[in-house]
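The residues making up each chain are set out below.
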There are 2 protein chains.
Amino acid sequence: MTSARTPHETAREIPEATVARLPVYLRALSTLADSGTTTCSSEALAQAAGVNSAKLRKDLSYLGSYGTRGVGYDVDYLRYQIAREIGVTQDWPVVIVGIGNLGHALANFSGFRSRGFRVVALLDADPRRQAEVVAGVDVRPFDHLEAIVAEHGVAIGVIATPAAAAQDVADRMVEAGITSILNFAPTVLSVGEGVDVRKVDLSIELQILAYHEQRKNGALGEEDAS
Amino acid sequence: MTSARTPHETAREIPEATVARLPVYLRALSTLADSGTTTCSSEALAQAAGVNSAKLRKDLSYLGSYGTRGVGYDVDYLRYQIAREIGVTQDWPVVIVGIGNLGHALANFSGFRSRGFRVVALLDADPRRQAEVVAGVDVRPFDHLEAIVAEHGVAIGVIATPAAAAQDVADRMVEAGITSILNFAPTVLSVGEGVDVRKVDLSIELQILAYHEQRKNGALGEEDAS
DNA sequence: CTCGATTTGTTCCCCCGTTCACAAACTCCT
DNA sequence: AGGAGTTTGTGAACGGGGGAACAAATCGAG
């Protein structure tokens, strides 16, 4: 969770940690369904999702009581219930801003369509990129943002620009009416109340791995550095 | 944190949540340094990093006492201390497996070099991709993995393959001696004791945003579905 | 040298999340 | 029908992290 919480909490409250795991369960269920499994226990699903089975059951209990004691969960039924809870039974239009190397990769990412997301526009400020067609969608000028958001009712924006441009892009997105941002630029974004931001940061992930790696190697560099 | 913990804990223990924020502080400090700032308060740095100042001070206190009361922190000094703690004062060789769209983007990512990481090899199982040269490094057969890891002492591997291949790649990596994996494939990896895995999953991030987005819109779909 | 202003380092408390453990509920076999 | 075996859903204990608040330390002015 990055942004502030909405003041008017609706109905039942699902913990943030649980929300973050629901997509994992959803994927595991899809895999099970593809392999012909129609029913599974919390133990089996937990293993497929890489979590503790007690945690899985507690997570699912926030959604309701969708299992059968002594039996387990119906794969298709549970899958639908989770998808509905997350909100991916409907289609979410998405705009991607910044069509460099990463933007290309994101636009071509097949997991978009199959999981309830539809890329309605690719935007870039660089006129040289606006000639391109990526993944069947043509790259348009960044200035079209407001019109596109209004036309398609876009709520989710993806920022794949260099760090220097990210905050400006975010500001424009928010102004245009976007309320959820996925940020790939290595910058801290500041946005107003009610806007959610999630960040994906490659170099941070690598640095976290480096820290643990360093410790595995018996902690060199123990000088006190006074 | 994804994998198990090493049994023999060394010296002082830094909480995982703090470790995840140190790279953010490091970047904020670099930005401050670039703008000519030589000293900053915890309040200023916290704002630049997008966190609470009390949390920042507590995080830094795990590293030692590097500030001066009544004054603040010396930007360069603190930056070096954090970099040393994370382990990015040395250079980490990295291999990337799977040179599709995403692999291209990762290989070209400039944040690698500048933050203590060096891409020593790009690997792909597809012979057609092995003709390419990406970001000055030529794509080599996946089978070269073991030799490259041994030669350069690679500890960190990046998986950018399709989901179906990811587990096999991970197994080979671990067997070759890699002990930290950054996984971009949408799969749960299972690895042995002592191997760290971090995952970056686009569709999960989008689904989390979708969930919150759905709730903002006044929670439709309140049928009980008996 | 002393006093006020500033800022760090740390203590204390609370809340969220994880895990264990068990009662409730269901199936199947006899 | 009844009992044994399974598996879910949840209550309770526990640990970690976040934030407020304060004492300790440093600087600067007079």
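So, how was this worked out
- Residues numbered from 1 in each chain as written.
- Chains lettered and ligands numbered in written order.
- Predicted model: local features only at pLDDT ≥ 70, side-chain atom pairs only at ≥ 80, totals over all residues.
- UniProt positions renumbered as here; feature names shortened; annotations may be inferred.
- Contact = placed C-beta atoms within 7 Å.
- Helix = DSSP H or I, 4+ residues; strand = E, 2+ residues; numbered from the N terminus.
- Nonpolar A, V, L, I, M, F, W, Y, C, P; charged D, E, K, R; others polar.
- Near = placed C-beta within 6 Å.
- Least-squares fit on C-alpha atoms with pLDDT ≥ 70 in both.
- Pairing = 2+ DSSP bridges.
- Buried ≥ 20, exposed ≤ 12 C-beta atoms within 10 Å, placed from the backbone.

- An unreviewed UniProt entry annotates chain A as Redox-sensing transcriptional repressor Rex originating from Nocardioides aestuarii.
- The Subcellular location (unreviewed entry) comment attached to chain A in UniProt states, word for word, "Cytoplasm".
- The annotation that UniProt attaches to chain A under Subunit (unreviewed entry) is "Homodimer."

**Structural notes on the interface of chain A and chain B**
- On the chain B side, the residues contacting the 53 residues of chain A number 53 residues.
- Contributing elements (two or more residues each) for the side of chain A that touches chain B: helix H1 (16–34), helix H4 (75–86), helix H5 (101–108), strand E9 (180–183), strand E10 (196–199) and helix H9 (202–216) of chain A.
- Its residues placed into classes, the side of chain A that touches chain B shows 28 nonpolar, 16 polar and nine charged.

**What to know about the protein's contact with DNA strand D**
- Around DNA strand D, the structure places 26 residues, and the nearest of them are Ser42(A), Gly67(A), Gly70(A), Pro15(B) and Gly70(B).
- Of all the secondary-structure elements, those providing two or more residues to the surface near DNA strand D are helix H2 (42–49), helix H3 (53–63) and strand E3 (72–74) of chain A together with helix H1 (16–34) and helix H3 (53–63) of chain B.
- It is H3(A) that provides the largest number of residues to the surface near DNA strand D, a total of five residues.
- Of the residues assigned to the surface near DNA strand D, the class counts are nine nonpolar, 10 polar and seven charged.

**Structural notes on the relation of the copies chain A and chain B**
- After a rotation of 180 degrees and a shift along the axis of 0.0 Å, chain A superposes on chain B with an RMSD of 0.0 Å. These values place the two chain copies in the arrangement generated by a two-fold rotation axis.
- Take the interface residues of chain A: 100% of them recur as interface residues in chain B, which is what a same-surface contact looks like.

**What about the sheet that holds strand E5 (residues 117–124) of chain A?**
Residue and element names in this part refer to chain A.
- Spatial strand order, E6-E7-E5-E4-E8-E9-E10: seven strands in an open sheet with mixed pairing. Two strands bound the open sheet, and with one partner strand each, they are strand E6 (133–134) and E10.
- Direction of pairing for E6 relative to strand E7 (residues 137–141): antiparallel, over a ladder of two bridges. The partner of valine 134 across the bridge, within E7, is valine 137.

**What to know about the UniProt feature "binding site: NAD(+)" (unreviewed entry) in chain A**
- UniProt records the feature "binding site: NAD(+)" (unreviewed entry) at Gly98(A), Ile99(A), Gly100(A), Asn101(A), Leu102(A) and Gly103(A), using the numbering of this structure.
- Tracing the backbone through its elements, the reader meets Asn101(A) in helix H5.
- Overall, the presence of 20 C-beta atoms within 10 Å leaves Asn101(A) in the buried class.
- Here Asn101(A) is in contact with His104(B), Ala105(B) and Asn108(B), once residues within four sequence places are set aside.
- Relative to the helices and strands, Leu102(A) resides in helix H5.
- In this structure, Leu102(A) is in contact with Ala160(A), Phe184(A) and Ala105(B), ignoring residues within four places of it in sequence.

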